[in-house]
Amino acid sequence: MTAKHILICGAGIGGLTAATAYAKAGARVTVFERAEKISEVGAGIQQSPNAMAVHAALGTASDIAAYSFAPDAGTLRDYKTGAVKLRTQMDVAYKARYGHPYLHIHRADLIAILLNHAKRAGTTILTGHSVSGYKQDKTGITALTNQGDFQGDLFVGADGINSLIAGQMHGETPARFTGQMAWRGTVKASDVPSGIIPKEAAVWVGPGAHFVTYYLRGGELINFVAVKERSKHTEESWSKPGDMQALQKAFSGWDAAVTALLSACTTCFEWGLFDRPVLPTWHDGRAVLLGDACHPMLPFMAQGAAMAIEDAWALSQLTANADDLPAAFSKYETMRKPRASKLQAISTGNAAMFHAAGPAAIIRDAKLTVARALPLAAALRFDPIYGYDITKEI
Ligand SMILES: Cc1cc2nc3c(=O)[nH]c(=O)nc-3n(C[C@H](O)[C@H](O)[C@H](O)COP(=O)(O)OP(=O)(O)OC[C@H]3O[C@@H](n4cnc5c(N)ncnc54)[C@H](O)[C@@H]3O)c2cc1C
């Protein structure tokens, strides 16, 4: 059988992972990216053990580890005092429990590593190629781009939350504003009083808002994500410069660690957080979706990219050499939809938990006190998420 030609729309985390996975499974791969240059705005991303399992299978894990920071623990803290409400040991404990580390990496570094591996695996990456849709018949599928048409056997829509490919499959349904505004940025660790920001995945939780910090690049940078509930949103662009004064004001009166970090910060990005329900069907003939294109989620469990990475593995292993594509797509969707839906629900639930106020905050804190007393039970809750290794399943 001749190698399949896989067309991929989008060179984000999901698209690039799929490119390498397909190429390593023996397929010929062409990726279309509308941006002229593949890059990411300055901010971090967490790669949990379930994502690292795929990176290990694809050979990208050691490069990712070399550019990452491994947090000692994950903590939930009080927004005013910084007192720890819950601590979960991560670094050594996670490696022992799940077989893979939990790492923090700069998005630009992650994308550069994934791009490098995709190229080394022999894929063709075409930047400045904006896809406008696809057409197909029994013999193949064509990606329509601003630079011409490209024929292939299978077309993967890895084009993110505002997926044009999903729009062609299902009709355009705008993503919905979740009532959450986010700011994110990085600060040099040397610009912040030493030791004030813990070497953890730290989340300060307060009424209607939360604040996340973690270190990047071996501890050189501190990444933050600040989230506050709002009825209105600004643009949905990840690269819109944020208003530092508005950000500092939104978190004034918070724990000294938070305010010190924001005082040291000079630039940030701000945007509204959007989502949409998990799509009912992820494929149409020879076209198929992965990642945010079919199941965007709030970032409050740090699993959106992890799900895209797991999708990329599943899709490539099930379809690269499949004779019966519809059956393989059905299997992919049947395997992936329950997990993506569950993670989407957990992420939404975390918004309510992080932002609880009044009696709801008292109930949350009581539950966290119980969890503190039963660390094993708390750890067990994460097993289905972080302990899942899709490379062992397929
Ligand atoms: C604040 C925040 C923090 C987060 N933190 C984490 C975290 O710690 N861990 C985690 O796992 N996830 C996290 N996520 C989620 C994660 O960023 C996304 O789930 C992930 O980036 C989705 O990847 P993707 O490849 O599906 O889509 P995208 O990253 O959106 O990539 C889509 C790509 O397709 C391209 N494209 C779009 N349309 C076209 C077109 N028509 N033609 C050609 N190219 C096109 C785009 O330019 C882009 O390069 C976070 C999200 C946010 C907002």
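Above this text is the structure in question.
We now turn to the structure provided with this report. These numbers come from a predicted model, not from an experiment. (Residues numbered from 1 in each chain as written. Predicted model: local features only at pLDDT ≥ 70, side-chain atom pairs only at ≥ 80, totals over all residues.)

1. Examining the nonpolar core
1) Next: The biggest cluster of nonpolar side chains holds 116 residues, and the ones touching the most others in it are I8, A18, V156 and L290.
2) Next: When residues of this core are assigned to their parent elements, the largest contribution, 10 residues, is made by helix 9 (residues 304-319).
3) Next: If sequence neighbours within four positions are ignored, I8 has contacts with G15, A18, A19, V29, V31, V156 and A158. (Core = buried A, V, L, I, M, F, W, Y, C linked by C-beta atoms within 7 Å. Buried ≥ 20, exposed ≤ 12 C-beta atoms within 10 Å, placed from the backbone. Helix = DSSP H or I, 4+ residues; strand = E, 2+ residues; numbered from the N terminus. Contact = placed C-beta atoms within 7 Å.)

2. Some remarks on the sheet that holds strand 7 (residues 124-127)
Working definition: the strands of a sheet are paired by backbone hydrogen bonds and lie parallel or antiparallel to each other.
1) Next: Pairing is mixed in the open sheet, where 6 strands are placed in the order 7-2-1-11-18-17. Both outer strands of the open sheet, strand 7 and strand 17 (283-284), are each paired with one neighbouring strand and no more.
2) Next: The pairing of strand 17 with strand 18 (residues 287-289) spans 2 bridges and is antiparallel. In the sheet register, D284 faces strand 18, and the bridge partner there is A287. (Pairing = 2+ DSSP bridges.)

3. A few points about the sheet that holds strand 9 (residues 141-145)
1) Next: Pairing in this open sheet of 3 strands is antiparallel, and the strands run 8-9-10 from one edge to the other. Of all the strands in the sheet, the pair left with one neighbour each is strand 8 (131-136) and strand 10 (148-152). For this sheet, the mean inter-axis angle between neighbouring strands, taken without regard to orientation, is 20 degrees.
2) Next: Strand direction decides the pairing type here: strand 9 and strand 10, joined by 5 bridges, are antiparallel. When the bridges of strand 10 are listed, T145 appears paired with G148. (Axes fitted to C-alpha atoms, helices over the stretch in contact; angles between N-to-C directions.)

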